Amino acid sequence: MSGGVPVTDELVARLADEAEAGYDVEVLRRRGGRRPIGSAPGEVVPVRLDPELRAALASRAAADHTNASEVIRQALRAWLDVA
């Protein structure tokens, strides 16, 4: 089963034929993945936080109904005075 659909020999053959014929990349749609957050792909920057700061960050994220990364980005933008 794949996504609730039985995987039969006929289905495999049809999908293989479709793949071998090629796909039109103009009609393929983006599925899943992270949304862009700026003008270019984001970069991971590891940061060490003491337990109290981490707890405060988690509390603020929960209060704002967001995640820790977004709280950190908002704080940096405000502190560094950038858009």
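Residues numbered from 1 in each chain as written. Predicted model: local features only at pLDDT ≥ 70, side-chain atom pairs only at ≥ 80, totals over all residues. Heavy atoms only, no water.

1. Considering the pattern of salt bridges
Proximity of charged atoms lets side chains of opposite charge pair with each other.
For step 1, the next point in the chain: All chains considered together, the criterion is met by two salt bridges.
For step 2, the next point in the chain: We note a salt bridge from Arg 60 to Asp 64, for which the minimum N-O separation is 2.8 Å.
For step 3, the next point in the chain: Given the relative accessible area of 49%, Arg 60 is considered partly exposed. (Salt bridge = Lys/Arg side-chain N within 4 Å of Asp/Glu carboxyl O. Buried < 20%, exposed > 50% of the residue type's maximum accessible area, 1.4 Å probe, protein only.)

2. Comments concerning the environment of Pro 36
For step 1, the next point in the chain: Residue placement: Pro 36 occurs in the loop between α1 (9-21) and α2 (51-63).
For step 2, the next point in the chain: On a C-alpha basis, the gap between Pro 36 and Val 12 in space is 34 Å, while along the polypeptide they are 24 residues apart. (Helix = DSSP H or I, 4+ residues; strand = E, 2+ residues; numbered from the N terminus.)

3. A few points about the packing of α2 against helix α3 (residues 68-80)
For step 1, the next point in the chain: Viewed as axis vectors pointing N to C, α2 and α3 meet at an angle of 100 degrees, and their least axial separation amounts to 8 Å. In this view, α2 runs roughly perpendicular relative to α3, as classed from their interaxial angle. Contacts between α2 and α3 involve Arg 54, Leu 57, Arg 60 and Ala 61 from the former and Ala 68, Val 71 and Ile 72 from the latter.
For step 2, the next point in the chain: Taken together, the residues of the contact of α2 with α3 sort by class into five nonpolar, no polar and two charged. (Axes fitted to C-alpha atoms, helices over the stretch in contact; angles between N-to-C directions. Parallel < 35°, antiparallel > 145°, perpendicular 65-115°, else oblique. Contact = heavy atoms within 4.5 Å. Nonpolar A, V, L, I, M, F, W, Y, C, P; charged D, E, K, R; others polar.)

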